Amino acid sequence: MAVRSCRLFSWIGGCLTKRDLICGKTVNINRGPCWFFVRSVKSGTWWDEHLSEENSQFLRRLIPEEYNALTNSKLCPLKDEPWPRQPWEEGSLRVGLIAVKLGMMPVWTKSGERHVVSLLQVEDCHVIKYIPKEEYDGKSAALFVGGKVSSPFSRSESLLQMYRDAGVAPKQKLSTFKVSDNAILKPGTPLYAAHFRPGQYVDVTAKTIGKGFQGVMKRWGFKGQPASHGQTKTHRRPGASGPGGKPARVWPGKKMPGQMGNIYRTSFGLKVWRINTKHNIIYVNGSVPGHRNCLLKVRDTNLPTRMEHNKNPPFPTFFADGEEQLPEDLYDEEMFQFSEPSIVYS
């Protein structure tokens, strides 16, 4: 870990030389003491600084093996005194998932319509911690969910202890989901892409791609000033920014240049077209925020017009060791499958 420090130095009795351009003479100018700062960066102690190269490589190889064994031991939560399950009811709120954005691809319906879908892969997603409603906000309980295994050397001791209590490896992203009382899951429970089913609608939240500081034409879509007829360096400027003498100020929320992107956005009401249970991939309709390989949150939609399509989901989640056996791919009833014949002769 880098440690920054500043030192204060004093230069006393300094002498500067100045040449007079008019008389051609050299004049010595004496000045008082001069103070200046010197910034230095010191490197602290890393976890592998006092280890040999062989020991460092051994730890890097041993720790992933231990975490893989932990993950495999949590694949069957029914063997470890599972918490009681309750049936789905109207108004139940399930937990969400953390997925990785892979990219986009086209799909077709049986009527020939073309849709673009985003591929979201669920990697090592587990329930980390349960927070009762008394400790959260007094209205509803919450679950900590982590996704995608990361290095333990960049995590604090308090976070590592929370992962040890859950019996899972440290995660790269940790998010909170509000759940109803009948949708509580035990810490350490794995979550899969089969948590959702084709035909359901989900909301996806992620951080948008950062564009940096941009002007009004790129940030807000302004038309800009005319290209000629007396315009001087005002082609991409916004123009007038507010009223004149009354009220003599700029209204709050005025569209001006500034930071563009790099904020959390949510895409609401995205339809699930396909679920791949082998690779845990969710095919959702349209585009989602974020760049490729970014981590995002996927949960049941809260749009009133789409909630009727989310009735009777896998509740509280899909258990791989349960009685339900799923095929490798699940398709929506309107989606065309290339394994089926496109022309049928009667």
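For the structure itself, look to the data block above.
Residues numbered from 1 in each chain as written. Predicted model: local features only at pLDDT ≥ 70, side-chain atom pairs only at ≥ 80, totals over all residues. Heavy atoms only, no water.

Draft legend 1. The arrangement of the overall build of the chain in detail. Helix and strand counts for the chain stand at three helices and 17 strands. A total of 346 residues make up the chain; the buried ones form 35% of that total. Counted over contacts in the chain with a minimum sequence separation of 6, partners at least 24 positions apart contribute 72%. For the chain, the exposed area adds up to about 22,300 Å²; of that, 53% sits on carbon and sulfur atoms. (Helix = DSSP H or I, 4+ residues; strand = E, 2+ residues; numbered from the N terminus. Buried < 20%, exposed > 50% of the residue type's maximum accessible area, 1.4 Å probe, protein only. Contact = heavy atoms within 4.5 Å. Areas by Shrake-Rupley, 256 points an atom, 1.4 Å probe, with all protein chains shown as cover.)

Draft legend 2. Representation of the nonpolar core within the structure. Membership of the largest hydrophobic core comes to 35 residues, with the highest contact counts inside it found for Leu120, Ile282 and Leu296. Secondary structure elements with two or more residues in this core: strand S5 (97-108), strand S7 (125-131), strand S8 (141-149), strand S9 (171-179), strand S11 (201-207), strand S14 (264-276), strand S15 (281-285) and strand S16 (295-300). In this structure Leu120 touches Ala99, Val100, Lys101, Val204, Asn280, Ile281, Ile282, Val284, Val288, Leu296 and Val298, once residues within four positions along its chain are discounted. One finds Ile131, Phe144, Met162 and Val168 within the second-largest nonpolar core, a separate group that totals eight residues. (Core = buried A, V, L, I, M, F, W, Y, C linked by side-chain atoms within 4.5 Å.)

Draft legend 3. Region of the structure containing helix H2 (residues 157-166). Listed as buried for H2 are Leu160, Met162, Tyr163 and Ala166. Across the axial projection of H2, the buried residues extend over an arc of 155°, all falling on one side. Among the exposed residues of H2, those oriented more than 90 degrees off its buried face are Glu157, Ser158 and Asp165. In this structure, the buried residues of H2 make contact with S7, S8 and S9. (Arc of directions from axis to C-beta.)

Draft legend 4. Expanded view of unusual backbone geometry. Going from Lys246 to Pro247, the amide bond is cis rather than trans, its omega being 10°. Within the secondary structure, Pro247 sits in the loop between helix H3 (216-219) and strand S13 (258-260). Note that the residue after Phe315, namely Pro316, is joined by a cis bond; omega there is -5°. Structurally, the position occupied by Pro316 is in the loop between S16 and strand S17 (329-331). Phi is positive for His229, which is not a glycine, with a value near 60°.

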